[in-house]
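Here's the letter readout for the chains.
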Amino acid sequence: MTKKIAIIGGGIIGSTAAYYLSQDSDAENIEVTMFDDGNGQATKAAAGIISPWLSKRRNKKWYNLAQDGATLLKQIAMDTNMPEDIYNQCGTIITRDNPDKLQELYDLALKRTSQTETIGDVIKLTPNEVKEYIPILDHSLPGVYVSGGARLDGAKYTNHLKNIAKKINLSIINDYAKLNDDGNILVNDKSYQFDKIILATGAWTKKVLESLPLTVDTRAQKGQLIELAINQVANSDQNMPVLMPEGESDFIPVGKSRLIIGASHEDDKGFDLSIDDDITDSLLNSAKSLVNNISVDNLIRVKTGTRGYTNDYGPFFGVVPGYKNILVGGGLGSSGLTTGPLVGKILANLSLNHNVSNLEEYRKPIVNYIKLNNN
Ligand SMILES: Cc1cc2nc3c(=O)[nH]c(=O)nc-3n(C[C@H](O)[C@H](O)[C@H](O)COP(=O)(O)OP(=O)(O)OC[C@H]3O[C@@H](n4cnc5c(N)ncnc54)[C@H](O)[C@@H]3O)c2cc1C
């Protein structure tokens with residue numbers, strides 16, 4: 001019998017789930033329908049930094065998810081012949097003024113090389129060595145280079161995976177979907193019934209669950225970044241690493257002619273997607289502190305998107321309490337391009353009732369974030 005699965009949301013979680021549902025050994029008996037309105041999607045606005053290993057976050061479960069997510073992403077890129085303009089293992093550099101803090105980060109990264117091969121080589125760099133890696137820089141602090149760090153173009157990633165899945169068992173409806181109080185999906189007054197529903201609705205998870213008697217902890221955070229044209233083309237074929245400088249916005253060279261600077265974290269703007277000149281100016285100033293000849297004339301565009309986050313900034317995923325046919329993944333915050341692929345894969349497996357090993361190593365209880373009312 002054909003199993004009917006719905007995915008609401010086509011960002012990194014939804015697209016990765018769709019990809020894995022298309023690769024299942026029983027894919028010919030699975031029908032997948034994705035509903036996505038794309039409005040404000042975080043994945044397509046994201047800066048694209050994949051480098052969890054230098055994070056000092058204390059949430060161990062988050063770190064397990066991010067570390068294994070970065071490895072899975074590399075695997076998906078290899079398995080699907082992802083071109084370099086989508087996934088590029090260009091390396092990342094983090095800089096610090098204080099030598100003790102830099103040493104601490106270096107030691108942390110070295111320790112983590114024993115836990116994952118994806119991190120690659122870890123090297124301490126002087127300011128001049130940082131500039132050799134990123135020749136467009138005029139100023140730098142000393143840093144730590146991690147060769148496994150990568151850059152991901154979120155919008156191209158979702159299209160790449162959806163195109164693979166569409167050839168097998170995925171149909172896409174580019175529209176806003178609601179959940180009925182009986183758990184069915186309603187789009188433009190048309191009702192659809194599914195065996196399983198995967199909610200991959202990012203910052204909109206609270207809204208999509210509002211018809212059910214649940215208390216949901218997701219908040220919206222606005223993020224803006226700028227894209228600049230650069231003409232100081234490096235005289236090498238090597239891709240420049242991403243730079244995470246101390247006290248400034250992240251600095252993401254894309255090929256030899258573009259530079260992304262970002263991103264802002266604005267907790268008080270809800271789902272507003274307008275462009276703020278003040279934020280553009282501060283991101284430009286951040287770029288100017290590293291490269292002398294940057295001005296507003298280099299500005300190509302500003303991107304905005306909405307991240308979903310939770311009270312403890314932790315992600316959640318699994319079965320919605322009280323609704324065994326509805327699965328959810330969200331609250332990925334600022335690191336969702338890194339953690340999202342693994343969350344998407346896990347949700348695809350859970351929707352097919354496949355066993356998922358190590359699940360509890362990756363997540364806190366879902367009831368910390370989504371609770372049945374009166375429970
Ligand atoms: C500016 C910015 C920079 C970032 N930089 C990085 C970075 O460098 N590295 C990193 O790891 N992470 C980064 N992130 C975080 C990352 O982008 C997000 O955590 C991640 O993309 C969230 O993925 P998602 O699939 O949960 O949600 P989203 O990508 O937001 O996708 C949710 C989708 O669901 C759709 N949707 C919602 N409700 C409905 C509905 N009812 N019906 C139909 N469709 C619906 C939305 O339109 C959207 O398309 C950044 C985010 C932003 C905004």
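As the structure is a prediction and not an experimental result, all values here were calculated from the model.

J.: Help me understand helix 4 (residues 99-112), please; the structure alone is not making it clear to me.
T.: Since one α-helical turn is 3.6 residues long, residues separated by three or four positions face the same way. Relative to the 20 Å expected for 14 residues at 1.5 Å per residue, helix 4 spans 20 Å between its end C-alpha atoms, a close match to the ideal helical length. Buried residues of helix 4: Leu102, Leu105, Tyr106, Leu108, Ala109 and Arg112, and no others. All buried residues of helix 4 fall inside an arc of 160° around its axis, so they share one side. Exposed side chains of helix 4 directed beyond 90 degrees from the buried face belong to Pro99, Asp100 and Lys111. If you follow the buried residues of helix 4, they end up packed against helix 3 (60-79), strand 5 (92-95), strand 6 (122-125) and strand 7 (143-146). The opening residue of helix 4, the one whose side-chain oxygen lies 2.7 Å from the backbone nitrogen of Asp100, is Asn98.

J.: Looking at this structure, how should I read the site of the ligand?
T.: In the vicinity of the ligand lie 38 residues, with Asp36, Asp37, Thr43, Ile49 and Gly333 positioned nearest. In this structure, Ser334 approaches the ligand through a main-chain N or O atom, which is 2.9 Å from a nitrogen atom. Interatomic distance of 2.9 Å between a side-chain N/O atom of Thr338 and an oxygen atom of the ligand. Summarising the interface, the protein chains cover 97% of the accessible area of the ligand, which totals 1,000 Å² for the free molecule.

J.: Before we go on, may I ask you to explain the sheet that holds strand 20 (residues 316-320) in this structure?
T.: The pairing of strands in a sheet comes from backbone hydrogen bonds and takes either a parallel or an antiparallel form. Spatially, six strands are ordered 9-2-1-13-21-20 in an open sheet, and the strand pairing comes out mixed. Because the sheet does not close on itself, it has two edges, and the strands there are strand 9 (170-173) and strand 20. If you compare each strand with its neighbour and ignore which way they point, the axes differ by 20° on average. Sheet topology places strand 13 (residues 196-199) next to strand 21 (residues 323-330); three bridges connect them, and they run parallel. Within the sheet, the bridge partner assigned to Ile198 lies in strand 21 and is Leu327.

J.: How should the packing of aromatic side chains be read in this particular structure?
T.: All chains considered together, the criterion is met by nine aromatic pairs. For the pair Phe35 and Phe194, a centre-to-centre distance of 6.1 Å together with 85° between the ring planes defines the contact as edge-to-face. With Phe35 in strand 2 (residues 30-35) and Phe194 in the loop between strand 12 (190-192) and strand 13, this pair connects stretches of sequence that are 159 residues apart. In this structure Phe35 comes out as buried when scored by relative accessible area, which is 1%. Relative accessible area serves as the criterion here: at 13%, Phe194 is assigned to the buried category. Lying across the ring of Phe194, Lys4 places its NZ or CZ 6.0 Å from the centre. The ring of Trp62 has Arg57 sitting right over it, with the charged end atom 4.2 Å from the ring centre.

J.: It is not clear to me how helix 1 (residues 12-23) should be interpreted in this structure. Could you clarify?
T.: Spanning twelve residues, helix 1 covers 17 Å between terminal C-alpha atoms, matching the ideal 16 Å at 1.5 Å per step. Across the twelve residues of helix 1, eleven count as buried, placing the element largely inside the fold. Buried within helix 1 are the following residues: Ile12, Ile13, Gly14, Ser15, Thr16, Ala17, Ala18, Tyr19, Tyr20, Leu21 and Ser22.

J.: Explain the layout of surface pockets here, please?
T.: Vacant regions in the atomic arrangement are exposed by a probe of water-molecule size rolled over the atoms. Roughly 210 Å³ of volume is contained in the second largest pocket. For the second largest pocket, the lining is made up of 18 residues, of which Leu152, Asp153, Arg258, Ile260 and Lys303 are closest to its centre. Partitioned by chemical class, the residues of the lining of the second largest pocket number eight nonpolar, two polar and eight charged. Counting only domains with at least three residues in the lining of the second largest pocket, you end up with domain 1 (3-44 + 154-219 + 312-372) and domain 2 (86-150 + 220-306).

J.: Is there a simple way to think about the sheet that holds strand 11 (residues 185-187) in this case?
T.: Taking strand neighbours across the sheet as the criterion, the three strands line up as 10-11-12 in an open arrangement whose pairing is antiparallel. Since the sheet does not close on itself, it has two edges, and those belong to strand 10 (178-179) and strand 12, each with one partner. Bridge analysis of strand 11 against strand 12 gives three bridges, and the strand direction is antiparallel. The partner of Ile185 across the bridge, within strand 12, is Tyr192.

Thresholds applied
- Residues numbered from 1 in each chain as written.
- Predicted model: local features only at pLDDT ≥ 70, side-chain atom pairs only at ≥ 80, totals over all residues.
- Heavy atoms only, no water.
- Helix = DSSP H or I, 4+ residues; strand = E, 2+ residues; numbered from the N terminus.
- Expected span 1.5 Å × (residues − 1).
- Buried < 20%, exposed > 50% of the residue type's maximum accessible area, 1.4 Å probe, protein only.
- Arc of directions from axis to C-beta.
- Contact = heavy atoms within 4.5 Å.
- Polar contact = N/O pair within 3.5 Å; in protein donor to acceptor, adjacent residues only side chain to side chain.
- Near = heavy atom within 4 Å.
- Areas by Shrake-Rupley, 256 points an atom, 1.4 Å probe, with all protein chains shown as cover.
- Pairing = 2+ DSSP bridges.
- Axes fitted to C-alpha atoms, helices over the stretch in contact; angles between N-to-C directions.
- Phe/Tyr/Trp six-rings, centres within 6.5 Å; stacked < 30°, edge-to-face > 60°.
- Lys NZ or Arg CZ within 6 Å of the ring centre and 35° of its normal.
- 1 Å grid on protein atoms, 1.4 Å probe; cavity = no way out; pocket = protein on both sides within 12 Å on 5 of 7 lines; lining within 4 Å.
- Points joined across faces, edges and corners; volume = space filled by probe spheres on them.
- Nonpolar A, V, L, I, M, F, W, Y, C, P; charged D, E, K, R; others polar.
- Domains from an automatic or database assignment.

Function cannot be read off these values alone, since they describe shape.
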